[in-house]
Amino acid sequence: DPYLLVDRAGRVVDEDNEPVAILLPDGQLAGPDNTPLGRVGDTNASPPDRVTAWLAVMPDGTVVFFDEDGDRHRGGVWRGCAGPQHRTCTLITHVISVRNYKPNRSGVGVGLGIGIGF
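Residues numbered from 1 in each chain as written. Predicted model: local features only at pLDDT ≥ 70, side-chain atom pairs only at ≥ 80, totals over all residues. Heavy atoms only, no water.

### Observations regarding the state of the cysteines
Note: disulfide means a covalent bond formed between the sulfur atoms of two cysteine side chains.
Line of reasoning, step 1. The full count for this structure, using the stated rule, is one disulfide.
Line of reasoning, step 2. Each sulfur of the disulfide joining Cys81 and Cys89 lies 1.7 Å from the other. Disulfide Cys81 to Cys89: torsion about the S-S bond roughly -80 degrees, handedness left-handed. Comparing Cys81 with Cys89 shows no difference in burial state: the two are buried. (Disulfide = S-S within 2.5 Å. Buried < 20%, exposed > 50% of the residue type's maximum accessible area, 1.4 Å probe, protein only.)

Written out as structure tokens, the structure reads:
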């Protein structure tokens, strides 16, 4: 059964044809109501609050996730992603992953005072 569908314009919809995201020409990914969902390149992607990649789809289709420390974690393998469809595999991997993404909001924040963010 289909889980997500992608058209040639970079629009992603769910199995009920409801909008999930759109990939803009500059690589930015936007959700409904222009919610920022990160950035998607040909082979890697970053979540909305980071500028560095958090995942990559290797030429052989292997998905690699990068944690905050830069350590690599294998995330499965795509088949049939060589050539122009490589970016589509990266896009779908990112869309599925960003649905469960929780930004790291813990730690010390400095502003008008010092506090701990949650």
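Now that the structure has been shown, the text picks up again.
### Observations concerning the sheet that holds strand β8 (residues 62-66)
By definition, the strands of a sheet pair up through backbone hydrogen bonds, in either a parallel or an antiparallel sense.
Line of reasoning, step 1. Read from one edge to the other, the open sheet built from nine strands follows the order β1-β2-β3-β4-β5-β6-β7-β8-β9, with strand pairing classed as antiparallel. The strands lining the two open edges of the sheet, one partner per strand, are β1 (4-6) and β9 (72-77). Neighbour to neighbour, the strand axes of the sheet diverge by 25 degrees on average, direction disregarded.
Line of reasoning, step 2. As paired strands, β1 and strand β2 (residues 11-14) are joined by three bridges and run antiparallel to one another. The residue bridging Val6 from the neighbouring strand is Val12, located in β2. (Pairing = 2+ DSSP bridges. Helix = DSSP H or I, 4+ residues; strand = E, 2+ residues; numbered from the N terminus. Axes fitted to C-alpha atoms, helices over the stretch in contact; angles between N-to-C directions.)

### Description of a negative patch on the surface
Line of reasoning, step 1. There is a patch of like negative charges on the surface, built from Asp1, Glu15, Asp16 and Glu18.
Line of reasoning, step 2. Along the chain, the position of Asp16 falls in the loop between β2 and β3 (19-23). (Patch = residues over 30% accessible without salt bridge, like charges linked within 9 Å, V, L, I, M, F, W, Y side chains within 5 Å. Areas by Shrake-Rupley, 256 points an atom, 1.4 Å probe, with all protein chains shown as cover. Salt bridge = Lys/Arg side-chain N within 4 Å of Asp/Glu carboxyl O. Lys, Arg positive; Asp, Glu negative; His and termini not counted. Charge placed at Lys NZ, Arg CZ, Asp CG, Glu CD.)

### A short note on helix α1 (residues 86-98)
Line of reasoning, step 1. With 13 residues, α1 extends 18 Å from end C-alpha to end C-alpha; this agrees with the ideal 18 Å at 1.5 Å per step.
Line of reasoning, step 2. In terms of residue burial, α1 counts as a mostly covered element, since 10 of its 13 residues are buried.
Line of reasoning, step 3. Within α1 the residues assigned to the buried category are His86, Cys89, Thr90, Leu91, Ile92, Thr93, His94, Val95, Ser97 and Val98. (Expected span 1.5 Å × (residues − 1).)

### Here's the deal with the pattern of salt bridges
Where charged atoms from two side chains of opposite charge approach closely, those side chains can pair.
Line of reasoning, step 1. For the structure on display, the rule yields three salt bridges.
Line of reasoning, step 2. Two residues, Asp7 and Arg11, come together in a salt bridge whose shortest N-O distance is 2.7 Å.
Line of reasoning, step 3. Judged by relative accessible area, which is 30%, Asp7 ranks as partly exposed.

### Some details on the pairing of β2
Line of reasoning, step 1. What sits between the antiparallel neighbours β1 and β2 is a turn of four residues, in which Gly10 has the positive phi angle 85 degrees.
Line of reasoning, step 2. Inspection of the sheet shows β2 paired to β3 by three bridges, in the antiparallel sense. In the strand pairing of β3, Val12 is matched with Ala21.
Line of reasoning, step 3. The loop that links β2 with its antiparallel partner β3 comprises four residues; one of these, Asn17, has a positive phi angle of about 65 degrees.

### Brief notes about the confidence of the model for the chain
Line of reasoning, step 1. Mean pLDDT over the chain stands at 86; residues scoring 70 or higher make up 86%.
Line of reasoning, step 2. In the predicted structure, residues 105-118 sits below a pLDDT of 50 and forms 10 contacts with residues beyond four places in sequence or in another chain. (pLDDT = per-residue confidence, 0-100. Contact = heavy atoms within 4.5 Å.)

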